[in-house]
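Each chain, letter by letter, is given below.
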Amino acid sequence: MTRKLNTTLKWRKSTYSGKDGNCVEVADLTESAVAVRDSKAPRGPVLSFSEQAWTALLSDIDRGRLGSA
């Protein structure tokens, strides 16, 4: 299933992504779900999130709730 998702979806990078290649790519699965993958490993695993979970994750990142890497 991962291979199929990687070839059939329209992936996009954030406009905030740097030129160093350390970013994620996102693709719409449905109106209420998104897929996420590592841009350095486009044939690697794909995570999927409901719209609600994706919005909550982005909010937590923006607010610094996930700590530092």
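Our structure's up above, just so we're on the same page.
Predicted model, so just to flag it, every value in this text is computed and none were measured. (Residues numbered from 1 in each chain as written. Predicted model: local features only at pLDDT ≥ 70, side-chain atom pairs only at ≥ 80, totals over all residues. Heavy atoms only, no water.)

Peer 1: Talk me through the packing of aromatic side chains; I want residue IDs and the actual numbers.
Peer 2: Given two aromatic rings, one states the distance between the centres and the angle between the planes to describe the pair. Overall, the coordinates contain one aromatic pair when judged by the stated rule. Measuring from centroid to centroid gives 5.4 Å for Phe49 and Trp54, while their planes differ by 45°, and the two rings are tilted. (Phe/Tyr/Trp six-rings, centres within 6.5 Å; stacked < 30°, edge-to-face > 60°.)

Peer 1: Requested: an account of the sheet that holds strand E3 (residues 33-38), with residues and values cited.
Peer 2: The strand order across the open sheet built from four strands is E1-E2-E3-E4, with neighbouring strands paired in antiparallel fashion. This sheet does not close on itself; its edge strands, each paired only once, are strand E1 (12-13) and strand E4 (47-50). As paired elements, E3 and E4 share four bridges and run antiparallel to each other. When the sheet's bridge partners are listed, Ala35 is paired in E4 with Ser48. Lying on the sheet, helix H2 (residues 51-62) is in contact with strand E2 (24-30), E3 and E4; it crosses E4 at an angle near 100°. (Pairing = 2+ DSSP bridges. Helix = DSSP H or I, 4+ residues; strand = E, 2+ residues; numbered from the N terminus. Contact = heavy atoms within 4.5 Å. Axes fitted to C-alpha atoms, helices over the stretch in contact; angles between N-to-C directions.)

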